[in-house]
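Remarks on the overall topology
Given next are the chains, with one letter for each unit.
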Amino acid sequence: MMSTNLTTLWEDKLLNRFLKYVSFHSTSEAGVDKTPSTERQWDIAKYIFNELQSIGLENVSIDENGYVMGYIPSTCSEDLPTVGFISHYDTSPDFSGENIKPQIWKNYNGKDLILNERTGFTLKVSEFPELKNHIGETIITTDGTTLLGADDKAGIAEIVTAAEYLIQHPKIKHGRVAIGFTPDEEVGKGADLFDVKKFGAKWAYTVDGGEVGELEFENFNAGAAVISITGKSVHPGSAKRKMINAGLLAVEFSNSMPSNETPATTEGYEGFYHLTKITGNVEKAQLEYIIRDHDFKKYEARKAFMKEVTKKLNSKYGEEIFKIELEDQYFNMREKIEDKMFIIDIAKTAMEMAGVKPNIKAIRGGTDGSKLSYMGLPCPNIFAGGVNFHGPYEFVPLESMIKATKVIIEITQNIY
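Right, let's walk through the structure included here. (Residues numbered from 1 in each chain as written. Predicted model: local features only at pLDDT ≥ 70, side-chain atom pairs only at ≥ 80, totals over all residues. Heavy atoms only, no water.)

**What about the environment of Ile-324?**
Cut-off, in case you're wondering: The numbering of helices and of strands both runs from the N terminus, where a helix is a DSSP run of H or I of at least 4 residues and a strand a run of E of at least 2. Each residue gets one of three labels from its accessible area relative to the maximum for its type: buried under 20%, exposed over 50%, partly exposed in between, using a 1.4 Å probe on protein chains only. When checking whether two residues touch, look at their non-hydrogen atoms; a contact exists if any pair is within 4.5 Å.
Summarising the element assignment, Ile-324 is placed in strand S14 (residues 322-330). Relative accessible area serves as the criterion here: at 24%, Ile-324 is assigned to the partly exposed category. For the pair Ile-324 and Glu-252, spaced 72 residues apart in sequence, the C-alpha to C-alpha distance is 15 Å. For Ile-324, the residues in contact, after removing those within four places along its chain, are Val-226, Ile-227, Met-306, Lys-307 and Thr-310.

**Some details on the layout of surface pockets**
In plain terms, the rule: Here a cavity means grid points, on a 1 Å grid over the protein atoms only, where a 1.4 Å probe fits yet cannot get out; a pocket means an open set of points with protein on both sides within 12 Å along at least five of seven lines; lining residues are those with an atom within 4 Å of a point. Grid points are joined across faces, edges and corners, and a volume is the space filled by probe spheres set on the points.
A volume near 1,800 Å³ is recorded for the largest pocket. The wall of the largest pocket is formed by 48 residues, among which Glu-186, Arg-292, Tyr-330, Gly-365 and Gly-366 lie closest to the centre. Elements supplying a minimum of two residues to the lining of the largest pocket: strand S9 (203-209), strand S10 (214-216), strand S11 (221-230), strand S12 (272-280), strand S13 (284-293), S14 and helix H9 (368-374). At 6 residues, the largest contribution of residues to the lining of the largest pocket is made by S14.

**A look at the pattern of salt bridges**
So the rule is basically this: For salt bridges, the criterion is a side-chain nitrogen of Lys or Arg within 4 Å of an Asp or Glu carboxyl oxygen.
Under the definition given, this model contains 15 salt bridges. Where Arg-302 meets Glu-261, a salt bridge forms, and the shortest distance between an N and an O atom there is 2.7 Å. In this pair, Arg-302 is assigned in helix H6 (residues 296-317) and Glu-261 in the loop between helix H5 (246-255) and S12, connecting sequence segments 41 residues apart. Note on Arg-302: relative accessible area 9%, which makes it buried. You can call Glu-261 partly exposed: its relative accessible area is 24%. Of the charged contacts, one joins Asp-293 and Arg-302 as a salt bridge, the two residues approaching to 2.8 Å between their closest N and O atoms. Here the residues in one salt-bridge network are Lys-13, Arg-17, Glu-51 and Glu-164, joined through shared partners.

**What about the packing of aromatic side chains?**
Definition in use: Pairing of aromatic side chains here covers Phe, Tyr and the six-membered ring of Trp, requires ring centres within 6.5 Å, and sorts the geometry by plane angle: under 30 degrees stacked, over 60 edge-to-face, intermediate tilted. Definition used: whenever NZ (Lys) or CZ (Arg) falls within 6 Å of the ring centre and also within 35 degrees of the ring normal, the charge is taken to sit over that ring.
On inspection of all chains with the given rule, the structure shows 17 aromatic pairs. With centroids separated by 5.9 Å and ring planes inclined at 25°, the aromatic side chains of Phe-85 and Tyr-205 adopt a geometry described as stacked. With Phe-85 in strand S3 (residues 83-88) and Tyr-205 in strand S9, the pair connects residues that are 120 residues apart, well separated along the chain. Overall, Tyr-205 belongs to the buried group, its relative accessible area being 0%. With 6.2 Å between their ring centres and 45° between their planes, Phe-296 and Tyr-299 make a pair best called tilted. Here Tyr-299 and Phe-296 lie together in helix H6, a separation of 3 residues that amounts to about one turn. Note on Phe-296: relative accessible area 40%, which makes it partly exposed. Here the aromatic residues Phe-296, Tyr-299, Phe-331 and Tyr-374 are joined through ring pairs into a cluster of three or more. Cation over ring: Lys-13 sits above Trp-10, and NZ or CZ is 5.3 Å from the ring centre.

**A few points about empty space enclosed by the protein**
We apply this condition: Residues are sorted three ways: Asp, Glu, Lys and Arg are charged, Ala, Val, Leu, Ile, Met, Phe, Trp, Tyr, Cys and Pro are nonpolar, and all the rest, Gly among them, are polar.
Counting across every chain of the model gives 1 cavity of 30 Å³ or more. Each pocket or cavity is described by its volume, and for the largest cavity that value is around 30 Å³. Of all the elements in the fold, those that place two or more residues in the lining of the largest cavity are S3 and S9. No other element matches S3, which puts 3 residues into the lining of the largest cavity. Its residues placed into classes, the lining of the largest cavity shows 1 nonpolar, 4 polar and 4 charged.

Right, dumping it as structure tokens:
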């Protein structure tokens, strides 16, 4: 097995590739009934399609929904399984992803970074102590007006650079490698139309994690709840025993939920209820929640609890005042991976060979890999190196991206 050595040439390729990708405005949009959800995502999809062809991948394709795939041919005679690597090219609608102006800080000195002299926007070590982990490294930040897009354009840059490296180093023994890039991951639809059969991998890895070493094969079971409340609007001067104030009932429902089981009060394997939106007046009100738990039985119990709260409030105020709609969004991929733990062992060994200490942890969120695992493609998640996703404090160290690229290359060799 050959060790991976990324020279300055390859490091520059990786950096320049990432900077090119973040120049594309590719924010996705929730609630849109088409894929990709935004026309602007086509620009980067087509660019990647052409790039994969230019660096020598086989059978490169882009389908009518913006999914890009390509293949690195096997370099050995053995009949080895095809492994895949997947990232998404959309960025989060939580913050602006338009006209991104990345800044490069070489040999970071461990102090606060003033990202924008005009506004004074600063990345402070006191608020983000993880900066101290990257002293002496090259850090890429925003200018404080947009997100950066390392989620997940860092992952794309790492996969494509690893692919180009493997193609230019045919002496490295590996089986066939499939790579794929998806739209709309940030709005929960990244895997919906992914053609698992066409992709042809036995298993895959999403390169969509955070800090160096992250290796994840567990995520939340996830659901959404919408509670609609119908009130009765009566003139306040004659409202006694007649008015039903839907807005106040929305507050009562919210107060009936456990105050210590929210995102702000939980960590690790602890689940939560998260009120994401509340609207209303006297006549109508609505609450929107997301429900999360790693344990499936606890997840089901959370849904049952919300139904019970709805039932009790209807008993108090009248039937059909409260209506609840529950929808499952995705499930814990551990259920599909725990009998295939060799794919985690391969990733662990690859990290160690790349000089990275594996940090196996559960995702407090979701991933394309979750849906893909339930679609027949076991797909744990490995780090891409970015920090503080979805906002103006986002940054990624170049050294972290280099390590992720090495890990991808080492995984392909470990299968051989």
